[in-house]
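# Topology and contacts: notes
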Amino acid sequence: MSPTILRIKGYRFYFLSNEENRMHVHIICGDGEAKFWLEPIISLATYYKLNSRKLNETQKLIEEHKNGIIKEWKKYFSVS
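Let me begin by describing the structure that accompanies this report. The model shown is predicted, which means the values in this text are computed figures rather than measured ones.

About the criteria used
Residues numbered from 1 in each chain as written. Predicted model: local features only at pLDDT ≥ 70, side-chain atom pairs only at ≥ 80, totals over all residues. Heavy atoms only, no water. Salt bridge = Lys/Arg side-chain N within 4 Å of Asp/Glu carboxyl O. Helix = DSSP H or I, 4+ residues; strand = E, 2+ residues; numbered from the N terminus. Buried < 20%, exposed > 50% of the residue type's maximum accessible area, 1.4 Å probe, protein only. Pairing = 2+ DSSP bridges. Axes fitted to C-alpha atoms, helices over the stretch in contact; angles between N-to-C directions. Contact = heavy atoms within 4.5 Å.

### Regarding the pattern of salt bridges
Under the counting rule described, the total for this entry stands at three salt bridges. With a shortest N-O distance of 3.8 Å, Lys35 and Glu19 are connected by a salt bridge. In this pair, Lys35 is assigned in strand 4 (residues 32-37) and Glu19 in the loop between strand 2 (11-14) and strand 3 (24-29), connecting sequence segments 16 residues apart. You can call Glu19 partly exposed: its relative accessible area is 27%.

### A word on the sheet that holds strand 2
If you trace the five strands from one edge of the open sheet to the other, you get 1-2-3-4-5, paired in antiparallel fashion. Whereas interior strands pair on both sides, the edge strands pair on one side only; in this sheet they are strand 1 (4-8) and strand 5 (43-48). Ignoring which end each strand starts from, the neighbouring axes of this sheet average 20° apart. Against the sheet, helix 1 (residues 52-64) touches strand 1, strand 2, strand 3, strand 4 and strand 5, its axis set at about 55° to strand 2.

Structure, rendered in structure tokens:
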């Protein structure tokens with residue numbers, strides 16, 4: 001199961017339920033996909049087919065919505 005937590009500017013932000021415990025978010029769009037760590041700082045974990053402009057744009061969107069993404073992570077994974 002991979003719940004969508006945000007859709008913005010053609011990107012879908014989501015979680016995968018069967019991955020590691022470290023807080024992160026996945027992003028997919030028509031051009032490719034990426035995974036960003038949320039802690040201790042927002043940083044790129046992996047990516048596929050996204051150019052540097054798209055990676056920068058997605059990182060900025062994560063920074064703008066970080067609190068909401070973390071709130072959804074805690075809710076989805078039942079973390080206090």
